[in-house]
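Analysis of the macromolecular model
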Amino acid sequence: GDSVTQMEGPVTLSEEAFLTINCTYTATGYPSLFWYVQYPGEGLQLLLKATKADDKGSNKGFEATYRKETTSFHLEKGSVQVSDSAVYFCALSPSDYKLSFGAGTTVTVR
Amino acid sequence: GAGVSQTPSNKVTEKGKYVELRCDPISGHTALYWYRQSLGQGPEFLIYFQGTGAADDSGLPNDRFFAVRPEGSVSTLKIQRTERGDSAVYLCASSLGRSSYNEQFFGPGTRLTVL
């Protein structure tokens, strides 16, 4: 079935470092792809999304590009801050409503 | 405006007991979803409502789990004869409608612990 595999954590970085979290997916069709973030003590919230191949989602300095040829949706940020410390989830939606999530990657910025 | 709310925030129960978890979606959102998140894992889909009807309940693990949304707003997830393996955070989300273009807004979750 449709699924997402994301880079295992935890990841620890210094402020202003470059962040990449890898995400690859398996899907029979053309799913929409998402990154969700969970800040400490808060609920899940949408960070960015892309609905078709070659689309780039961006928000709060984060970017991810929907790569159909490599079935990937890697999350990147050029210069992280302490406030970016959170758990990041890659997800796909094969059916326009159901979300399938990866296991999450914990990022700590010091 | 108010976001998705869930009550209780924490629920501790004994094995074999019945529990109800409540979700209040964002006003005007016709789509409502339940997910379950086990420790160290991402959320797993349980059920999706469009209006009052369960459009997809394929994620419910077995017949001990049931959910309702009688008036198309508040939803209740019901778990009968709870087992220790049911311990998890149960998340509710709502959106304007079905579509990947409609963002799902998540509540804070109910942490269920079955002793």
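Our subject in this report is the structure included herewith.

What counts and what doesn't
Residues numbered from 1 in each chain as written. Chains lettered and ligands numbered in written order. Predicted model: local features only at pLDDT ≥ 70, side-chain atom pairs only at ≥ 80, totals over all residues. Heavy atoms only, no water. Helix = DSSP H or I, 4+ residues; strand = E, 2+ residues; numbered from the N terminus. Rg over C-alpha atoms; globule rule 2.2 N^0.38 Å. Buried < 20%, exposed > 50% of the residue type's maximum accessible area, 1.4 Å probe, protein only. Contact = heavy atoms within 4.5 Å. Areas by Shrake-Rupley, 256 points an atom, 1.4 Å probe, with all protein chains shown as cover. Lys, Arg positive; Asp, Glu negative; His and termini not counted. Charge placed at Lys NZ, Arg CZ, Asp CG, Glu CD. Buried area = accessible area lost by both parts, 1.4 Å probe. Salt bridge = Lys/Arg side-chain N within 4 Å of Asp/Glu carboxyl O. Polar contact = N/O pair within 3.5 Å; in protein donor to acceptor, adjacent residues only side chain to side chain. Nonpolar A, V, L, I, M, F, W, Y, C, P; charged D, E, K, R; others polar. Pairing = 2+ DSSP bridges. Axes fitted to C-alpha atoms, helices over the stretch in contact; angles between N-to-C directions.

1. Quick notes on the overall build of chain A
Check the secondary structure of chain A and you find zero helices and 12 strands. Counted from the first residue to the last, chain A has its helices and strands arranged as β-β-β-β-β-β-β-β-β-β-β-β. By the compact-globule yardstick of 13 Å for 110 residues, chain A fits well, its C-alpha radius of gyration being 13 Å. A principal-axis box enclosing the C-alpha atoms of chain A has dimensions of 40 × 25 × 20 Å. For chain A, the proportion of its 110 residues judged to be buried stands at 46%.

2. Here's the deal with the overall build of chain B
In terms of helices and strands, chain B carries zero helices and 11 strands. The N-to-C order of helical and strand elements in chain B reads β-β-β-β-β-β-β-β-β-β-β. What you see for chain B is a C-alpha radius of gyration of 13 Å, in line with the 13 Å of a compact globule of 115 residues. A principal-axis box enclosing the C-alpha atoms of chain B has dimensions of 40 × 25 × 25 Å. The 115 residues of chain B split such that 46% are buried. The contacts of chain B with a sequence gap of at least 6 include a subset with a gap of at least 24, amounting to 55%. As presented, chain B carries roughly 5600 Å² of accessible surface, and 48% of it is formed by carbon and sulfur atoms. Taking the average location of the 12 positive side-chain charges in chain B and that of its 11 negative ones, the two points are 5 Å from each other.

3. Structural notes on the interface of chain B and chain A
Taken together, the contact between chain B and chain A spans 21 residues of the former and 19 residues of the latter. Buried area between chain B and chain A, both sides added, is near 1600 Å², and the carbon and sulfur share of it is 53%. At the boundary of chain B with chain A, the tally comes to one salt bridge. Its salt-bridge partner being Asp56 of chain B, residue Lys98 of chain A comes within 3.5 Å of it at the nearest N-O pair. Counting across the interface, chain B meets chain A through four residue pairs in polar contact (both at pLDDT 80 or more). When residues of the side of chain B that touches chain A are traced back to their parent elements, those giving at least two are strand 4 (31–37) and strand 5 (44–50) of chain B. Here the side of chain B that touches chain A is built from residues that sort into eight nonpolar, 10 polar and three charged.

4. Structural notes on the sheet that holds strand 3 (residues 19–21) of chain A
All names here are of chain A. As summarised here, the arrangement of the four strands in space is 3-9-8-7, forming an open sheet in which the pairing is antiparallel. The sheet is open, and its two edges are formed by strand 3 and strand 7 (56–59), each paired on a single side. Between one strand and the next, the sheet's axes are offset by a mean angle of 15°, whatever the strand orientation. Taken together, the three bridges between strand 8 (residues 62–65) and strand 9 (residues 75–77) define a ladder with antiparallel strand orientation. From the neighbouring strand, Glu63 faces strand 9, where its bridge partner is Glu76.

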